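# What the coordinates show
Now for the letters of each chain:
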Amino acid sequence: MSHLPQEVRYRFTVLGPPGFTSGGTRLDLGSPQQQAVLMLLLANPGSFVRTGELIDGLWGERAPATGEAVIRTYISRLRRLLSLQGLGSAIVSQSGGYKLDQDSFEVDATEFARLVESARQAHNVETAANLLERALGLWTGTALAGVPGEAAEHERSRLERLKLTATQELLRLRLELGDHAEVMAEAPALIERNRLEEPLYEIYLLALHRGGRRAEALELYRAVHDLFDEELGVRPGPKLRALHEKVLRAEDEQMPGLREPDALFVGRERERAEFRRLLARDPAKGVEVLFFTGAPGIGKSTLLRRLADDAAALGRPVRVVDGFEDVEDPAAFFRRLPGTATVVIAGRNAPDATVLVDPAWSRRIRLRRLEALSETESAALLEARDVDPGLRQSIVDFAAGNPFALSLAAEVSRSPRADAARYVIDTVYAHLAGDPPTEAHRWALYVCAQAEHTTEDLLRSVLPGGRSSELFDWLRDHPCVEAATHGLVLGGVLREVLDRHLRWRDPAGRARMRGRISRVTAAR
């Protein structure tokens, strides 16, 4: 959210032809190549982008000898454009790179992601559908239309995938709301643009079935079967085959949606049992708080939704708070809780120690850290998501029990694409690593992913620059990093993702860093 006064608004648009508006007036962003440079800065808000990355992203292997000078020219022109709107300090320079100050403006892609996430958190189908409609309404065409370069193409592919996923979620919600005719009207055009996207066929087939158009549903399945056999050498997945069987038996589809929610929820039996015991207590004994912490993607939000459903099934009131880190005044929040409330909270970190030691909250806040799913639970989740049995073990090994990584890999595996592995790596990286404030912080994460234990001394030796103390403290606060006896430890899927990301992004830099780590640890 912008921190600028409400009467002055600056907004970049990338969900269509790139644009920049100031006070409602649309301004010219310059040549397509200049727009490509701006796009790379926008895609890395708050982080420095090295000049070499800008050159590679714009020209790839065909970079001219004058590439660095041309980049400086584009940056100068962009600064001049922004300066005329009072944003002269929006682009910050640092030796070898540039950073775009994300607090100076709004970006439509950020608003889109926020609305989609709000829809996924909504407990009401109609509310969720309205939020997704607002999100998709931000699009004005193909993402970054007309912007050249490999980096722009990569970002365009990522944004278009997010749009397609949101569109599929909206169509499913419309099916739940009974809008079968509307879904039937929209699905064919989407399928024409995404011929191998199996979930779209599932949605369309179900809409035809519910709309009483059985013959068309059967014909659709035959066409999909032939298409997948010819193009991919595979048959339709289990979900589509099951829907086909229902149509053949002319079964009435009573349950709305494509999935039973419980079918995609696995594990967490201990947490649910503790919650049920909490619900069974006497409310007169006072407020009770069950506070879950854990790394990004570990399933905190999903668990909270499951617990809310459990409470509703038992007819017991419960207050659910997801994303406690966004609460502006935690102490005031706890003070305002009703004296008989049962509260379930999720946050990346535990509440401040001043709250925990407050006598008023003694024995009333139960802290629980969510751990990764077991291999058995991970396999069960992949089975529930209809993943090809031949792919399950490799996904289980990669995801290390992280539900977000498991679910993402599962969904991507059902929609064959050339860059599937790259997409999963990049998306998990962005979701779990967060947004390191500087390039030095990013490299500190890379070091933590390579070293068995990370200490301040190791950072000082591997990353010269005099910031080892700052970097160590930052790593210690990172939700995916744990403090162990001999130093900081980064485990789970993020460790694997960071290694693969660096191996692809900067293999020479990775080799140098690993060599330094090896020399330091061998000398101990």
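Counting starts from 1 at the beginning of each chain's written sequence and moves along it residue by residue. At least 70 in pLDDT is required for a residue's local features to be given in this predicted model, at least 80 for side-chain atom pairs to be given and counted, and no such filter applies to totals for whole chains, interfaces and linings, which use all residues. Derived side-chain values reflect all non-hydrogen atoms in the structure, with water molecules and hydrogen atoms excluded from consideration.

With that settled, consider the pairing of strand β10 (residues 342-347). Burial analysis of β10 places 6 of its 6 residues in the buried class, which makes it a mostly covered element. For every residue, the accessible area obtained with a 1.4 Å probe (protein chains only) is divided by the maximum for its type, and the residue is called buried under 20%, exposed over 50%, and partly exposed between those limits. Elements are defined by DSSP. Helices are runs of H or I of four residues or more, strands are runs of E of two residues or more, and each kind is numbered from the N terminus. Neither face of β10 is open: one carries Thr342, Val344 and Ala346, the other Val343, Ile345 and Gly347, and all of them are buried. Two strands qualify as a pair provided DSSP detects at least 2 bridges between them. When strand β8 (residues 288-293) meets β10, the two strands line up parallel, connected through 6 bridges. Each bridged residue has a counterpart across the sheet, and for glutamate 288 the counterpart in β10 is threonine 342. The sheet contact formed by strand β9 (residues 319-322) and β10 spans 4 bridges and is parallel. The partner of valine 320 across the bridge, within β10, is valine 344.

Another aspect to go through is the sheet that holds strand β6 (residues 97-100). Here we have 3 strands laid out as an open sheet, ordered β4-β6-β5, and antiparallel in their pairing. The two strands at the open ends of the sheet, each matched to only one other strand, are β4 (49-50) and β5 (91-94). Contacts: residue pairs with any heavy atoms within 4.5 Å of one another. To define axes, lines are fitted to C-alpha atoms, for helices over the stretch in contact only, and angles between the resulting N-to-C directions are given on a 0 to 180 degree scale. With respect to the sheet, helix α3 (residues 67-83) is in contact with β5 and β6, its orientation differing from that of β5 by roughly 145 degrees.

Another point: the nonpolar core. With 54 residues, the main nonpolar core has Phe12, Ile71 and Phe112 as its most contacted residues. Excluding residues within four positions of it along the chain, phenylalanine 12 makes contact with Gly19, Phe20, Leu29, Leu38, Leu42, Leu82, Phe105, Glu106, Val107 and Asp108. Residues Val428, Ala444, Leu498 and Leu502 belong to the second largest nonpolar core, which totals 50 residues. Put simply, a nonpolar core is a bunch of buried Ala, Val, Leu, Ile, Met, Phe, Trp, Tyr and Cys residues held in one set by side-chain atoms that sit within 4.5 Å of each other.

Note on aromatic pairs: the rings of Phe, Tyr and Trp (six-membered ring only in Trp) are paired at centre separations within 6.5 Å, and the planes decide the class, stacked below 30 degrees, edge-to-face beyond 60, tilted for the rest. All told, the structure shown has 6 aromatic pairs when counted by the stated rule. Ring plane angle 90 degrees and centroid distance 5.0 Å describe the contact between phenylalanine 12 and phenylalanine 105, whose orientation is recorded as edge-to-face. One end of the pair, phenylalanine 12, is in strand β1 (residues 10-13); the other, phenylalanine 105, is in the loop between β6 and β7 (106-107), and 93 residues separate them in sequence. Looking at phenylalanine 12, the relative accessible area reads 2%, which means it is buried. We classify phenylalanine 105 as buried; its relative accessible area is 6%.

Bringing the pairing of strand β13 (residues 487-490) into the picture now. Moving residue by residue along a regular strand, the side chains alternate between the two faces of the sheet. Sheet topology note: the strand β12 (residues 481-484)/β13 ladder contains 4 bridges and is antiparallel. Looking at the pairing, glutamate 482 lines up with valine 489 of β13. Taken together, β12 and the strand that follows it, β13, pair antiparallel across an intervening segment of 2 residues.

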